[in-house]
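# Observations on the model geometry
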Amino acid sequence: MRLTNYTDYSLRVLIYLATIEKDQLTNIKEIADTYQISKNHLMKVIYQLGKNQYVETIRGRNGGIRLAMSPKDINIGEVVRKTEEDFHLVECFDTNNNHCVISPVCGLRHVLNKALKAYLEVLDQYTLADLTKNQSALADFLFKNKL
């Protein structure tokens, strides 16, 4: 299984925000420059993270972005579920567009569904705090050009 860039960027934004000081604000340009990804992509990502109440966006001259909750309260499995469009690993997972002739008798769907469930169960065991336990090492990589 491969996560979309949208989910990847969402997780990277959350890691970035968990690495800065608790009440410190940052902006889309800083995050985009750090990860060398498109500001336009990040605008969409951050908008959705805000709608899902993971981040707080503050408008205005002194505005910016920060986490809206503690990293220990942000579950990785939940973030992935909210940012992925679907989990159609194979055609038969999409009942509206399934044209596979062996679907009624194929055992692959069951196996892949079980694997997907296990994958998500593992992600559910982790929070953003777990991913950022090495905060100082992350900061060394994220902010090395800002010193």
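Residues numbered from 1 in each chain as written. Predicted model: local features only at pLDDT ≥ 70, side-chain atom pairs only at ≥ 80, totals over all residues. Heavy atoms only, no water.

## Some points on the packing of aromatic side chains
According to the stated counting rule, one finds two aromatic pairs in the structure shown. The interplanar angle of 75 degrees and the centroid separation of 5.3 Å between the aromatic rings of Y16 and F143 together place this pair among those described as edge-to-face. Highlighted residues: Y16 in helix 1 (residues 5-19) and F143 in the segment after helix 7 (135-142), separated in sequence by 127 residues. Each member of the pair, Y16 as well as F143, is classed as buried. One Lys or Arg, R12, reaches over the ring of Y35 and ends 5.2 Å from the middle of that ring. (Phe/Tyr/Trp six-rings, centres within 6.5 Å; stacked < 30°, edge-to-face > 60°. Helix = DSSP H or I, 4+ residues; strand = E, 2+ residues; numbered from the N terminus. Buried < 20%, exposed > 50% of the residue type's maximum accessible area, 1.4 Å probe, protein only. Lys NZ or Arg CZ within 6 Å of the ring centre and 35° of its normal.)

## Focus on the side chain of T83
For T83, the position within the fold is in helix 4 (residues 76-83). For T83, a relative accessible area of 7% puts it in the buried group. A distance of 2.9 Å separates polar atoms of two side chains, one belonging to T83 and the other to T7. (Polar contact = N/O pair within 3.5 Å; in protein donor to acceptor, adjacent residues only side chain to side chain.)

## Section: helix 1
Each full turn of the α-helix corresponds to 3.6 residues, which orients residues three or four apart in the same direction. The end-to-end C-alpha separation of helix 1 is 21 Å, in line with the 21 Å expected for 15 residues at 1.5 Å each. Counting buried positions over the 15 residues of helix 1 gives 11, a clear majority of the element. (Expected span 1.5 Å × (residues − 1).)

## Description of the packing of helix 1 against helix 7
At a minimum axis separation of 9 Å, helix 1 and helix 7 run at an interaxial angle of 110 degrees. Considering the angle they form, helix 1 stands roughly perpendicular to helix 7. Taken together, the residues of helix 7 that come into contact with helix 1 (itself represented by I15, Y16, A18 and T19) are Q135, L138, A139 and L142. A breakdown of the residues in the contact of helix 1 with helix 7 according to their chemical character gives six nonpolar, two polar and no charged. (Axes fitted to C-alpha atoms, helices over the stretch in contact; angles between N-to-C directions. Parallel < 35°, antiparallel > 145°, perpendicular 65-115°, else oblique. Contact = heavy atoms within 4.5 Å. Nonpolar A, V, L, I, M, F, W, Y, C, P; charged D, E, K, R; others polar.)

## Thoughts on the nonpolar core
By size, the foremost hydrophobic cluster in this structure holds 35 residues, and its most contacted members are V13, L14, Y16, L17, I31 and V55. Looking at this core, the elements with two or more residues in it are helix 1, helix 2 (28-35), helix 3 (39-51), strand 2 (64-67), helix 4, helix 5 (108-123) and helix 7. Here this core gets eight residues from one element, more than from any other, and that element is helix 1. When neighbours within four sequence positions are excluded, I31 is seen to be in contact with V13, Y16, L17, T26, L42 and I46. (Core = buried A, V, L, I, M, F, W, Y, C linked by side-chain atoms within 4.5 Å.)

## Considerations on the pairing of strand 2
Across four bridges, strand 1 (residues 55-58) lies against strand 2 in antiparallel orientation. Bridge pairing in strand 2 places T57 opposite I65. What sits between the antiparallel neighbours strand 1 and strand 2 is a turn of five residues, in which G60 has the positive phi angle 110 degrees. (Pairing = 2+ DSSP bridges.)

## Overview of the environment of E56
Examined against the element boundaries, E56 turns out to sit in strand 1. For the pair E56 and R2, spaced 54 residues apart in the sequence, the C-alpha separation amounts to 28 Å. Other than its neighbours up to four places away in sequence, E56 contacts G64, I65, R66, L67 and A68.

## Let's talk about the environment of K44
Relative to the assigned elements, K44 resides in helix 3. Separated by 38 residues in sequence, K44 and Y6 place their C-alpha atoms 8.8 Å apart.

## A closer look at the packing of helix 1 against helix 2
Two numbers describe how helix 1 lies on helix 2: the axes approach to 11 Å, and their chain directions differ by 110 degrees. In terms of axis orientation, helix 1 runs roughly perpendicular to helix 2. Of helix 2, the residues touching helix 1 (which contributes R12, V13, I15, Y16 and L17) are E30, I31, T34 and Y35. Its residues placed into classes, the contact of helix 1 with helix 2 shows six nonpolar, one polar and two charged.

The quantities given are spatial measurements derived from coordinates; they are silent on function.
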